[in-house]
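Each chain is listed here by its residues.
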Amino acid sequence: MGAEVICAVITPVGPGHAALFDQSCAPSVAQAKGWSLGPFSEVRHYVMDDTEGRHGRSNRRNDALRRAVEEGVEWVYFLDADDLMTPNAFEAFGRVIAAEPELEAVWGLIVTLDAGGEPALREGQPERLDTIEQFLAVEPFNAVQIGGFIRTAAAARYGFDAAMDTGEDYRLYGQLWRNHRCAKRPEIFFVNQRGQHSTGPRAATGRDWTESVTRQWRALLAEVPVWAEFDDGQGPVRMRLTNPADLIQHSYLRGQFFEAESLAKLKALVKVPRPRIVEVGANIGNHVVWYARHLDAERIYPVEPNPEALRLLDANIAANGIEARIDRRGMGLGAGAGEGRFVAQTDNADNLGATRLVAAADGGIETRSLDALMGEERVDFIKIDAEGMELDVLEGASALIARDKPVIWVEVLKPNIMGFVQTWCRKAGYRVVDSTGYHNTVDYFAIPREAP
């Protein structure tokens, strides 16, 4: 940087925050300036008063951005009135920008004060982010926070959406990460004091922020192809992320497969080496990928009729390099007692796995029995998640089951429990060896009665 580079710290002071600002925020900025200005020739603190709540923090931040442009300020740093700048913040930023002068926005690690008033790193956050894809693959709570150094021209290009009561910060982040050179680095610029929300007519809670940000996150994921990546003990896994609120996809953000506990139970039951597996209700491929990696499945037959799920299923199969193990005969079909026509109905957009089939003479989805679909193919394990049609699926697989006696994992709606446990198991010669209960369903693991 040149000899004359100015940074402006921008702090809106809203209702109920004046005393907190005077007692902790303002002194922390003064201390940081006294410690080191880092790469800056001057640091100005723009204190934007809104203690009466007449403007709103976004308007006050935007006012400060206009002032920064007018005064030729090259960098701005947003610091809330309830947060603390670390003493070496400017020095730490100087190290980053000296190594990477092309950056236009830099965030550091998220640090919060714990119950005892001690600073602690937020668990689960990445130390580094370099791309929009990496930024979107992290839960917003663990990605970045307001305290970041941003080139004034970049921040002023967008500003803050004054019509939003909350989540306007994440909106700006998304615009910056999409269009500018942004980074998160393992430096600490500020400490967040949680639970010190401002009051007033535009105040919002943490829950309000989460709801707003999740909507924005989902919209960005619809535009930018993003993969959640985690290590399952067998190496890296890549699963497509399109809806972070979806029950299955959300588990990837926690670094694990969906239904990890049930999958662990299954591993002890499937004793055939390199099994051949039928997956009814394959959805986006959570179990399909797991079978290939953890059971070393020789052949996997996904059965999935939902076009939206099929797109993600295909993507996840390709991303994890398991195409050679997949038999596609059931992809695009549903399974039932026999042939039929149905339409797919998803009652909850955040639970794609709960999509069910509804009978319709002119429906665009065709069902077939597993007996007809599989023919003479040997099957060692069947997983059934058919959202209420599980007994129909079992009826349509009666010959296959009698012939091969596969291990069966079936999700059963509670009204169907007696029909499965008392009627089907006795008729087919199976016994339940384990189960996992949920709100409306029970997952049963069943094996042939004579099996050890």
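What you see is a predicted model; the values in this text were computed from it and never measured. (Residues numbered from 1 in each chain as written. Predicted model: local features only at pLDDT ≥ 70, side-chain atom pairs only at ≥ 80, totals over all residues. Heavy atoms only, no water.)

Q: Sorry, what's going on with the overall build of the chain here?
A: A tally of helices and strands in the chain yields 16 helices and 22 strands. Expressed as lengths along the three principal axes of its C-alpha atoms, the size of the chain is roughly 80 × 45 × 45 Å. For the chain, the residues scored as buried account for 54% of the 452 residues in total. Within the chain, contacts between residues at least 6 apart in sequence are counted, and of these 72% link residues at least 24 apart. (Helix = DSSP H or I, 4+ residues; strand = E, 2+ residues; numbered from the N terminus. Buried < 20%, exposed > 50% of the residue type's maximum accessible area, 1.4 Å probe, protein only. Contact = heavy atoms within 4.5 Å.)

Q: Would you mind showing me how to read the pairing of strand β1 (residues 6–13) here?
A: When a strand is regular, its side chains alternate between the sheet's two faces. Of all 8 residues making up β1, 8 are buried, and the element is well covered by its neighbours. The alternating pattern of β1 places Ile-6, Ala-8, Ile-10 and Pro-12 on one face and Cys-7, Val-9, Thr-11 and Val-13 on the opposite face, and all of these are buried. Bridge analysis of β1 against strand β2 (residues 42–49) gives 8 bridges, and the strand direction is parallel. Within the sheet, the bridge partner assigned to Val-9 lies in β2 and is His-45. At this point the chain moves from β1, through helix α1 (residues 18–35), to the parallel β2, and the crossover so formed is right-handed. Of the strand pairs in this sheet, β1 and strand β3 (residues 75–78) are connected by 4 bridges, and their pairing is parallel. Within β3, the position partnered with Val-9 by the bridge is Tyr-77. (Pairing = 2+ DSSP bridges. Right-handed = clockwise from strand over helix to strand, strands pointing away.)

Q: Is there a simple way to explain the environment of Tyr-438 in this structure?
A: Relative to the elements of secondary structure, Tyr-438 occurs in the loop between β21 (430–437) and β22 (441–448). A relative accessible area of 33% means that Tyr-438 is categorised as partly exposed. For the pair formed by Tyr-438 and Glu-411, sequence separation is 27 residues and the distance between their alpha carbons is 9.7 Å. Residue contacts for Tyr-438: discarding those within four places in its chain leaves Glu-259, Ser-262, Lys-414 and Asp-443.

Q: Honestly, the sheet that holds strand β14 (residues 299–303) in this entry has me stumped. Any pointers?
A: What links the strands of a sheet is backbone hydrogen bonding, and the strands pair in either a parallel or an antiparallel sense. Spatially, β14-β13-β19-β20-β22-β21 is the arrangement adopted by the 6 strands of the open sheet, whose pairing is mixed. Two strands bound the open sheet, and with one partner strand each, they are β14 and β21. Pairs of neighbouring strands in the sheet enclose a mean axial angle of 15 degrees, with direction left out of account. Bridge analysis of β21 against β22 gives 7 bridges, and the strand direction is antiparallel. Of the residues in β22, the one forming a bridge with Arg-431 is Ile-447. (Axes fitted to C-alpha atoms, helices over the stretch in contact; angles between N-to-C directions.)

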